[in-house]
Structure formats: structure tokens, C-alpha cells
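Each chain, written out:
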There are 2 protein chains.
Amino acid sequence: MKKKQSSSKAPQNGVHAPRLKLRRVGIDTYRENVAYLHRDCALYRAEGFQALSKIEITADGGRILAVLNVVDDPGLVAIDELGLSEPAFEQFGHTEGTRVRVAHAEPPVSMDAVRRKMAGERLGREDFLAIARDIADNRYSKMEMAAFLVASGQTGLDRDEILWLTESMVTTGDRLDWEEPLVADKHCIGGIPGNRTSMLVVPIVAAHGMLIPKTSSRAITSPAGTADTMEVLANVELDPDALRHLVRVHRGCLAWGGTARLAPVDDILISVERPLGIDSQGQMVASILSKKVAAGSTHLLIDIPVGPTAKVRHMRQALALRKLFEFVGDHIGLHLEVVITDGRQPVGRGIGPVLEARDVMQVLENDPDAPADLRQKALRLAGRVLEFDPDVRGGQGYAIARDILESGRALDKMRAIIEAQGRQPHPPRPGRLQFEITAPADGYVTAIDNYQLARVARLAGAPMEKGAGVDLLKKVGDPVHRGEPLYRVHAEIRADFEFARSHCRRDSGYTVAADMPEDWERRGDFPA
Amino acid sequence: MKKKQSSSKAPQNGVHAPRLKLRRVGIDTYRENVAYLHRDCALYRAEGFQALSKIEITADGGRILAVLNVVDDPGLVAIDELGLSEPAFEQFGHTEGTRVRVAHAEPPVSMDAVRRKMAGERLGREDFLAIARDIADNRYSKMEMAAFLVASGQTGLDRDEILWLTESMVTTGDRLDWEEPLVADKHCIGGIPGNRTSMLVVPIVAAHGMLIPKTSSRAITSPAGTADTMEVLANVELDPDALRHLVRVHRGCLAWGGTARLAPVDDILISVERPLGIDSQGQMVASILSKKVAAGSTHLLIDIPVGPTAKVRHMRQALALRKLFEFVGDHIGLHLEVVITDGRQPVGRGIGPVLEARDVMQVLENDPDAPADLRQKALRLAGRVLEFDPDVRGGQGYAIARDILESGRALDKMRAIIEAQGRQPHPPRPGRLQFEITAPADGYVTAIDNYQLARVARLAGAPMEKGAGVDLLKKVGDPVHRGEPLYRVHAEIRADFEFARSHCRRDSGYTVAADMPEDWERRGDFPA
């Protein structure tokens, strides 16, 4: 009893307060523990709990914190019961009916550090670790996480703080060990539709023999993620053992990474960042690198596309971001390289899972009609990854990658991976409902808005409808005649079709002008 | 359909998505709308909603936003149902079984302003109004409110912004009109145990004939609020009509203000501030003044106690806070005066509802044993309130107040108010379990820690156990002998008793030294 005396009047409650019966409430309160007490529960009244109070629930050997919701329906929890939402019940680990004690809880100890951050202070390594531990243990409410993120975003984290945040997110989750000295990965910071290079880099690199166990996310705000696109061709939901075996045999995979408990704090923070629209570079670097380190990567290539409608709009921003990736990568023990790429328009032709998978297969099959920009970019990235191999001379990666692609070895490797993951028996096809958007005048396509095109593809139904999306028939620099199709939209559902069409008519996302701007070809902005 | 095209792909969902049956879920998610969808609901899967997603629910003529919780128990919501938590169901205003449509929702429009505040910008009057309206309409999630509060607290709000926040909190709630030109009130910013002056100021001022319809809160973090203490003597939960009638007849009341919808945005923000430990002066000023204006006050006296263990620790802080109160008060149309008072130790002897009520009645009864400091402070405050009366000459308020008290008219008024509110038939008594903390040496009491003493009273059971608390037998400046009692702790429950005692033994909160510091009596710090 002595140990807790300094933290509220919790301990004595158990002595005189009635115990409550534990009940599981089948509500998934995603990574926030929620407890349910009936409004007429004697304890609720006696303790003066308030809605949103943080309460501490204890039973023999167990203790969790939860946010209180007050219940008026005895069907949910009776007046002698204490309900816990799914994640809370699971974490608590006791059976229904267990007698539990309930008391006021102090905020998690690390909230002191959050308050210091709110006051504009720089935090230390231990602070970040304490915060990450409390978040991983579901001790933070959504409000408290929002406070941490807003406070960090507003005064900014310096690069040491970003490093410590990254480390602490790795430490508080599982970490894969592939038991090899070189485990490669690549990652694009996102924002460019159609940019499906991973599905080319993985088979090329794996065909070379380098280990590249790539796990990806599904699309959240984009029209397709690598996992969504690969799913057109193969099963992507693999259990950890199957995945491990497959990677040993084939040196690579293209799987969904959703089930592993890698850097779980990152997932939790993202679930708060996204609805709040918080988007800081520090959080992005910590998020990407913590996931990669936890996944066991030793060598990582980061792709930062730059363009007026990309996530990074100016070269100076891209360079600053590169330094930040390098700093954190170096200190966390990753061999990390950054390439800055052309993000001025979508890459490839298709936008949406089926159309992007088609582009990828065209490149692998050395189809002369394959989109040249996607092929070129994938070779460049694959080449840089191959140069992680000490036996590959600097500058020779590109030629090796091209050789692997042109010889058909990349295609063979992709087929092997598809078979191993489980070939999709009935691959979906492009959506049957189609319309085209045409050029309003003669001239050249001078700009394609990444954001608008991604939006059209989503409105058309991607990524939920795999066949929905946009097929780009013209790219920047192409001459066009008035009335000539610029792109084709595919949908599977009539309402999506109508909705995307009326949107495109208001803003096609394309700019057509009489002449190309003079500086378009000045690629010096994008160092190879 | 056209109007909504720019806000996500929401509108077309109604066309092809199945409608769901509305269900009331008896969970009080205090001012946050929560919606419950079954995990196997076709819509949930098709739309790719995520836990914590903000969704929009529509039915004929109605539309609300809610945060999504995912349900695994068909007893809570079936797969063709959409559940709404109590506040959401009530706000939506449709009956169970109504067919509703569900779609992704954009964040509330005013979140743009919150994002600008996160970026360090100054907001305008319209921004605060938009934010307050969205909060009042339950469009903000707890995360979003936390983002607003942390962002505001971190870069700070300037005084115009605090004024606009205050105005917007008044505008978005009900506003009482007492139909009299002078409606007085007093308010202490808090932090000083035992400081129960309102229960003296109200009868004195009301006996003079000035209208002072005082509503108070219950204790949240302190051992007693005015409502808790008054409840020892009388009923404090009055319905609005009864309260209005009572005030007309008796010119004053001492009631709980909890049920009125005055500045509801303030209540909502406080429910987020408190668990986060956000405590900014700007929020405090906006909170206090919005409530007072909404309650119909025209003249307000603010008490700012200063002392090393008070909320305001330095005179320069107190002066800055006074300017801020004056600025906002003047611009919002309040006649506002600020007094800075001695907050270096608790006021009166009792801490806890029963003991504080005893002190108050001793003063009213002109008991020679009544605590002099409480009497003195109450007279000073009452005098200042009386000087709001244009017929009272500046400087004469104190004498009038003293006259009202000494003549027994204040006691008569208090008795009348108690009877009118409903006398407590069985007034609780001081807790039977008692122990005393004694002086460790001969000397003087040189300091009493407000925070520690409040803590002891809470540990002993206050305010939940009305008779629990602390009775101060010595105050600062009193000579003491070793072993002489400094204070007595009352508890009603054995566990509380033990817990408070072991806490007191580690830290009594009293400092006893051989001599008083020379500057103790230098009261020049506290201008009258």
C-alpha cells in the first residue's frame, strides 16, 4: 500500500468501495481503453467520477487505466458491473465476472513530459521512451495523444528529439531479425499516384539474391497502396511463419504488413494524426524509420518525390528532409540512402489497383508499350538498392537492374513470389463503366495535378473497387489536339461513375497550353 | 447533390449504399458524439471506415457528425444498424428504426482555424465563433478539442483572442436576463482551502437589497466547493423556475449551477483541459467571464489570492491577470473589479463541507470564536460588492457590510435563503474518526501549505464525505509548543482515516520555526 500513497487516493478505495463484476463490452475503441459504469452504480456516485475521467481498474495482479463512459442501459452494464471495451478487456487479461476495484487514476506519469513540451521545452531520450511506453500500454487517452502530437508539432522537434522518438517507437514493439547482414528495403514518402515501383524493385533485387522482405500498407488516403495493388495478383495477408519461410526461399515478398506488432506506437499516433490533419516532417521520419528498423531492415532507400503538387514542393525542403532522414538513419544504425525524384506528375499510366498492376506487369514482361517513366524510375531505384551489395561497384547497379529486367529474371521472380503468396484465382479487371476526359484545345499537356488525379481515382471507387481508377493516356509534354482523350476513368458502380464524371468536368486536373514551359526539361533539379 | 461535391465522396453513398436502422445506445459519451457500427456491417467494410473515423450520419432533414467505434457484439448493434451514443442520439432527434445514411465526414470546417493556430497564427473573432459553434454542436472529437486547447495554450492567446473566445462561448449558450440593471456576483479564482466567503458575501449583499443570484460549482479538485458546503445546510439543486422565484423574493441564493446551459462550450473545454492538466490564464479568464455574463451578471468582483502555494504565486502575475480580467470584462460589458488578496495560507479554520459551513455560521452568528480572517475577508469583499451600488459612497461599503453582519441581518437573510432552498433536515456532523497533528518543536507556525492541506482533507474523504476534512487549530504567526496540536483531521471511513494519517506523518504541510520571518506582516503586497 505504501508505494502508491503518492498517487491519489486510489489505494484505500478498494478497502471500503464495493467491488464490481468485470464485463466484456464488445466495442472496439481502437487503442484507447474505455470503461463503462452504470450511472446508478454506487461507486460512480460515491467517487464523483466524471465522464471522461481517467480511472484505474485493478484485480489480483492486474491494473489498467481507462477513460470512463457512463451507461444508462443496464443491458450494457448492470449497476454492479464494470464494462471494458475490447482492447481494454484483452489487455486486462481477466475473465468476465472477476471482481475488480475501481479508483480515480492519475494521468500517466509521462504526461509531465508532454506538459513540458507544451511549455516549449526540449525533451530528453528518457522522456520519449516513457511516453512511448505509456502509449504502447494504452495508458494515453486520445486527448492525451493529441496533446503530445500538437505540442510536438507546434514547437517542432529537433533532430535529436526525432531520433529519440524513433528509437522509442522501435523499443516498444516487436523487432524482426532476419539473421542476415543485409536486409534491404525501399520506401517512398508518398503523394504520387501510380508510383508502384516497389512491385518492380522487389523482384529485381530478389532476383539478384539480395534479401528484400517488403511489407506495405493499404491505401489510406491514396487510390492504391502497394498491398492493394499486389492483391490484384496474389494473396497479401500471410501469417508470420508463412511469410518468413517464403522470404527465405524467394529472397523477397510483397505482403501486407498490417498484422505485425512492429512499432505499434506509430500506428496509434497515426490514428490520431490523421483525423487531426497533423503532418510534420519529424513525425514522418520517425514513423517511416521506426517501422523499417522494427521490420529488421539494415539498408534502406528513401524516395522523396518533389513537385508543385507532391508532398514536398521545393528542392530546398527535399534537401532538408534528406538530411533529417540521414541523421536519424545513421544514429539508429540503418544504412540509409535518399534519392530525390521527379514528382511533377503521376508515374506510369494507371491509377488504382488493377490499372497499376497492369503497368507493373507490362514493365516486367518487357512489353514495348510499358510506361517508360515507371520502368525508368524502378530501374534507377533498384540500381541504387543493388549498390548496397558490397560486391556491386558504385554506378553499376542500374545496368545490373536493367539486365535482370530485360533477361526476364525479374518476371520469373515475380511469378514465383505470386505463386508462393497464393495466386489470385480470379484477378479483377478494369471497371466496366468508363468515360474519357478530352483536351479542351490544341497544344501540349503542361501539367497534371497529382492531388486531383488521385481524387478522381478515389471518387471512381479506388481502392475499394479494385478495377476503379484512372488510365492516363497523355502525360506532361505530350502534344494533344482538341477533343483528343487525356485520360479514361474506370468505375464499377454507377453512382461512383456519375460522381467522378461530374467532378472531372469541373476540374480535370490537366493543364493544356499552346507551348511547353521552357524549363520543363531542366532535370538538374533531380540529382540521380 | 452538387453542393456537397467538394466534400469527400459522401453524397453518392446514399445512392448505392444500404441504409441502416438507427439505434439508441445507452452510453453517455459526454459531449462527444460516438457512432457504433458492427464490424460485419456491409457498409463498414465497403467504405473502408476506420476506428476513430469521423462519419456523417444523415436522415431526412437531419445530419450529425460522430466518431466511429466498431462493435463486435450484435447485442449492441446488429449488422444492419447504426448505433448512436446518448448525446448523439438526442442531438440527431430521430426515433429508433429511422433509416439513416452513413458516409465519411470531413473534419469540422473550423478545424482549419485550429490548424492555423497550431502553425502559430493569431485567429480572428469569426474563427473563435466558428470553433465555439462547432464545439457546441458536438462536431469536435475529444482529439480535436485537445488540439485546439494545446495549440492555444502553447503559442498563447493574446488579449483580443481571449475576448473573442469569451464572447463566442457566451453567444453559443443560453443567457439569463434578470431584468434588473444591477446583478452582482463575486468569484474567486480558487486554490485556497477554507475560503468560503461567498456564503457570507451573498447574505450581506442580499440583505442590503442588491441582487446577487449566486450559483456555484461542486468541488472538482478541491476538498469543498460552495455548492458542497451550502448543501450541508440546505438543498442546492433547484429547478430554474424555483430558483428565479426565490431570487426575486430574497435577492440572493446559494445554489448549484450545474443544470443550466450557460456557456456550454466552457464546460466541454474544461472536460478536456482538466484531464490534460492544461491551465492557462487565458482559458481561465474566458471560462470565468463567459459563465458570469451568461448567468446575467452585470457587476462582478474577482478575488485573486496570491501566495507561494496559491494558484498565483507572485504579485506581478496577479497584476497581469488583473489587467487581463479588466480588459475582457470592459469589452464584454461587465462592470468588473479585481481584488488581490492574501493567499499565503488557508482562510478560516475548517477545510471540508461541514467544517467550512460551521465557520460560516459562526461568522454570521457573530460568535466571538468565529475565525477572524474569514470574517475580515468576507467583509472586505462584501464591502466592495456593495460599492457597486451607485448610492454607496466609495470606501463606505466595508462599514455597511459590517453593520449588516453585526446587526444580525446577514444571519436572518441566510436563514431565509436556507428555508427557501429547503433546509437540510439532518445536517451532517464532523467525521467521528479523528486524529491530531502536533508541533514538532517550540516556535511559530511560519507557513501552511495550501496544497498539502487541501490534499489531506481530500484524502480524509472530503468532499464526498461531508463531515471529512481538516480543522486548523493554529494559523501562521501563532506561537506553538512542542506536542501542541496544529490541526485535527476528521474522517468518516476507517480507510480514509488511515490513509490521511500516514500521509500527514510524512508531510504535515506546516512549517514551525524558532522565529517568524521579518517580512510576514508586510501586507503592503495586498492592496485593499
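1. Some thoughts on the overall build of chain A
Now for step 1: Broken down by element type, chain A carries 19 helices and 19 strands.
Now for step 2: A globule of 528 residues ought to have a C-alpha radius of gyration of about 24 Å, and chain A, at 26 Å, matches this closely.
Now for step 3: By residue count, 59% of the 528 residues in chain A fall in the buried class.
Now for step 4: In chain A, 80% of the contacts between residues at least 6 apart in sequence involve partners at least 24 apart.
Now for step 5: Working note: accessible area of chain A is about 20700 Å², and carbon and sulfur atoms make up 48% of it.

2. Focus: the nonpolar core
Now for step 1: Counting residues in hydrophobic clusters, the biggest one holds 110 residues, and the most contacted among them are F325 of chain A together with F325 of chain B.
Now for step 2: Those residues in contact with F325 of chain B that sit more than four places away from it in its chain are I189, V285, I288, L289, I302, I304, L336 and V338 of chain B.

3. Quick look at empty space enclosed by the protein
Now for step 1: Applying the stated criterion to the full structure yields three cavities of 30 Å³ or more.
Now for step 2: Space inside the largest cavity adds up to approximately 90 Å³.
Now for step 3: Lining the largest cavity we find 13 residues, and of these E32, V34 and K142 of chain A together with N69 and K142 of chain B sit closest to its centre.
Now for step 4: Within the residue set of the lining of the largest cavity, elements represented by two or more residues are strand 5 (62–71) of chain A together with strand 3 (34–38) of chain B.
Now for step 5: Of the residues assigned to the lining of the largest cavity, the class counts are five nonpolar, four polar and four charged.

4. Here we look at the sheet that holds strand 13 (residues 350–351) of chain A
Note: strands within a sheet are paired through backbone hydrogen bonds, in either parallel or antiparallel orientation.
Residues and elements named next belong to chain A.
Now for step 1: If you walk across this open sheet you meet the four strands as 13-16-18-14, and the pairing is antiparallel. On the outer flanks of this sheet lie strand 13 and strand 14 (433–438), each paired with one strand and no other.
Now for step 2: Strand direction decides the pairing type here: strand 16 (residues 469–472) and strand 18 (residues 485–491), joined by four bridges, are antiparallel. Looking at strand 18, one finds that D471 is bridged to R488.

5. Considering helix 19 (residues 494–506) of chain A
Now for step 1: With 13 residues, helix 19 of chain A should reach 18 Å at 1.5 Å per residue; the first-to-last C-alpha distance of 19 Å fits that figure.
Now for step 2: The complete set of buried residues in helix 19 of chain A reads A495, D496, F497, F499, A500, H503 and C504 of chain A.

6. Here we look at the confidence of the model for chain A
Regions with low pLDDT carry predicted coordinates that are not meant to be interpreted in detail.
All names here are of chain A.
Now for step 1: Summary statistics for chain A give a mean pLDDT of 89 and a share of 93% for residues scoring 70 or more.
Now for step 2: Low confidence marks residues 1–16, where pLDDT is under 50. Its contacts with residues over four positions away, or in another chain, come to 37 contacts.
Now for step 3: Across the assembled chains, the prediction reports ipTM 0.75 with pTM 0.81.

7. Comments concerning the pattern of salt bridges
Residue and element names in this part refer to chain A.
Now for step 1: Scanning the model with the defined rule gives 82 salt bridges over all chains in all.
Now for step 2: A salt bridge links E326 to R322; the shortest N-O distance between them is 3.5 Å. A residue pair is termed a helical-turn pair when its members lie 3 or 4 positions apart in one helix, as E326 and R322 do in helix 13 (residues 315–332) at four residues.
Now for step 3: The exposure class assigned to E326 is partly exposed, which follows from its relative accessible area of 25%.
Now for step 4: Among the ionic pairs, R423 bridges to E419, the shortest N-O distance being 2.5 Å.
Now for step 5: One continuous salt-bridge network, built from bridges that share partners, spans R218, D228, E231, E237 and K466.

8. Describing the pairing of strand 12 (residues 335–342) of chain A
Residue and element names in this part refer to chain A.
Now for step 1: With six of its eight residues buried, strand 12 lies for the most part within the structure.
Now for step 2: Pairing between strand 11 (residues 299–306) and strand 12: eight bridges, direction parallel. Paired with V306 across the bridge in strand 12 is D342.
Now for step 3: A crossover links strand 11 with its parallel partner strand 12, the connecting element being helix 13, and its sense is right-handed.

9. As for the side chain of T29 of chain A
Residue and element names in this part refer to chain A.
Now for step 1: Take T29: it is sitting in the loop between strand 2 (27–28) and strand 3 (34–38).
Now for step 2: By relative accessible area, which is 3% here, T29 ends up buried.
Now for step 3: Here the side chain of T29 touches E32 through a polar contact of 2.6 Å, landing on its backbone oxygen.

10. What to know about the sheet that holds strand 12 (residues 335–342) of chain B
Residue and element names in this part refer to chain B.
Now for step 1: Read from one edge of the open sheet, three strands run 8-11-12, paired in parallel fashion. Strands at the two margins of the open sheet, each flanked by one partner only, are strand 8 (184–188) and strand 12. Neighbouring strand axes in the sheet, compared pairwise and without regard to direction, differ in orientation by 20° on average.
Now for step 2: Strand direction decides the pairing type here: strand 8 and strand 11 (residues 299–306), joined by five bridges, are parallel. By the bridge assignment, K186 is partnered in strand 11 with L301.
Now for step 3: Each of strand 11 and strand 12 touches helix 13 (residues 315–332); the most contacted strand, strand 12, lies at about 165° to it.

11. Some thoughts on the packing of aromatic side chains
For any pair of aromatic rings, the description rests on two quantities: the centre-to-centre distance and the angle between the ring planes.
Residues and elements named next belong to chain A.
Now for step 1: A complete count under the given rule lists four aromatic pairs over all chains for this structure.
Now for step 2: Ring geometry for Y487 against Y510: centres 5.3 Å apart, planes inclined by 35°, an arrangement best described as tilted. Here Y510 lies in strand 19 (residues 510–513) and Y487 lies in strand 18, a separation of 23 residues in the sequence.
Now for step 3: Overall, the relative accessible area of 9% leaves Y510 in the buried class.
Now for step 4: One residue, R218, lies across the ring of W256, its end atom 5.1 Å from the ring centre.

12. Some remarks on unusual backbone geometry
Now for step 1: Cis geometry is found at the peptide bond from A462 of chain A to P463 of chain A, where omega equals 0°.
Now for step 2: The topology assignment puts P463 of chain A in the loop between helix 18 (450–459) and strand 16.
Now for step 3: Even without glycine at this site, N138 of chain A takes up a positive phi of about 60°.
Now for step 4: Tracing the sequence through the fold places N138 of chain A in the loop between helix 5 (125–136) and helix 6 (142–155).
Now for step 5: Its identity as a non-glycine residue notwithstanding, E179 of chain B has a phi of 55°, on the positive side.
Now for step 6: On the secondary structure map, E179 of chain B appears in the loop between helix 7 (159–171) and strand 8.
Now for step 7: In this structure E179 of chain B comes out as exposed when scored by relative accessible area, which is 63%.

13. A word on the environment of D412 of chain A
Now for step 1: Within the secondary structure, D412 of chain A sits in helix 17 (residues 409–421).
Now for step 2: Separated by 208 residues in sequence, D412 of chain A and I204 of chain A have C-alpha atoms that sit 9.7 Å apart.

14. A few points about the side chain of T98 of chain A
Residue and element names in this part refer to chain A.
Now for step 1: Structurally, T98 is set in the loop between helix 3 (86–92) and strand 7 (99–104).
Now for step 2: T98 gets classed as buried once you look at its relative accessible area, which sits at 19%.
Now for step 3: With residues near it in sequence (within four places) discarded, T98 still touches L20, K21, L22 and A59.

15. What about the environment of D330 of chain A?
Now for step 1: On the secondary structure map, D330 of chain A appears in helix 13.
Now for step 2: Counting along the chain gives 167 residues from D330 of chain A to L163 of chain A, while the straight-line C-alpha distance between them is 9.7 Å.

16. Regarding the pairing of strand 1 (residues 20–25) of chain A
Two faces make up the sheet, and in a regular strand the side chains alternate between them.
All names here are of chain A.
Now for step 1: Where strand 1 meets strand 7, two bridges bridge the pair, whose relative direction is antiparallel. In the sheet register, K21 faces strand 7, and the bridge partner there is R99.
Now for step 2: Taken together, the five bridges between strand 1 and strand 6 (residues 81–85) define a ladder with parallel strand orientation. Across the sheet, V25 pairs through a bridge with S85, a residue of strand 6.

17. Things to note about the environment of V232 of chain A
Residue and element names in this part refer to chain A.
Now for step 1: For V232, the location among the structural elements is in helix 9 (residues 226–233).
Now for step 2: Take V232: its relative accessible area is 3%, and that puts it in the buried class.
Now for step 3: For the pair V232 and P428, spaced 196 residues apart in sequence, the C-alpha separation works out to 6.4 Å.
Now for step 4: Discounting chain neighbours no more than four positions away, the residues touching V232 are P353, V354, A357, Q424, P427, P428 and K466.

18. Focus: helix 12 (residues 281–294) of chain A
All names here are of chain A.
Now for step 1: Here helix 12 is 14 residues long and its end C-alpha atoms lie 20 Å apart, about the 20 Å a rise of 1.5 Å per residue gives.
Now for step 2: Most of helix 12 sits inside the fold, with twelve of its 14 residues counted as buried.
Now for step 3: Here helix 12 has its buried residues at G282, Q283, M284, V285, A286, S287, I288, L289, S290, K292, V293 and A294.
Now for step 4: Just downstream of helix 12, G296 is the residue with a positive phi angle, here 90°.

The rules behind each value
Residues numbered from 1 in each chain as written. Chains lettered and ligands numbered in written order. Predicted model: local features only at pLDDT ≥ 70, side-chain atom pairs only at ≥ 80, totals over all residues. Heavy atoms only, no water. Helix = DSSP H or I, 4+ residues; strand = E, 2+ residues; numbered from the N terminus. Rg over C-alpha atoms; globule rule 2.2 N^0.38 Å. Buried < 20%, exposed > 50% of the residue type's maximum accessible area, 1.4 Å probe, protein only. Contact = heavy atoms within 4.5 Å. Areas by Shrake-Rupley, 256 points an atom, 1.4 Å probe, with all protein chains shown as cover. Core = buried A, V, L, I, M, F, W, Y, C linked by side-chain atoms within 4.5 Å. 1 Å grid on protein atoms, 1.4 Å probe; cavity = no way out; pocket = protein on both sides within 12 Å on 5 of 7 lines; lining within 4 Å. Points joined across faces, edges and corners; volume = space filled by probe spheres on them. Nonpolar A, V, L, I, M, F, W, Y, C, P; charged D, E, K, R; others polar. Pairing = 2+ DSSP bridges. Expected span 1.5 Å × (residues − 1). pLDDT = per-residue confidence, 0-100. Salt bridge = Lys/Arg side-chain N within 4 Å of Asp/Glu carboxyl O. Right-handed = clockwise from strand over helix to strand, strands pointing away. Polar contact = N/O pair within 3.5 Å; in protein donor to acceptor, adjacent residues only side chain to side chain. Axes fitted to C-alpha atoms, helices over the stretch in contact; angles between N-to-C directions. Phe/Tyr/Trp six-rings, centres within 6.5 Å; stacked < 30°, edge-to-face > 60°. Lys NZ or Arg CZ within 6 Å of the ring centre and 35° of its normal.

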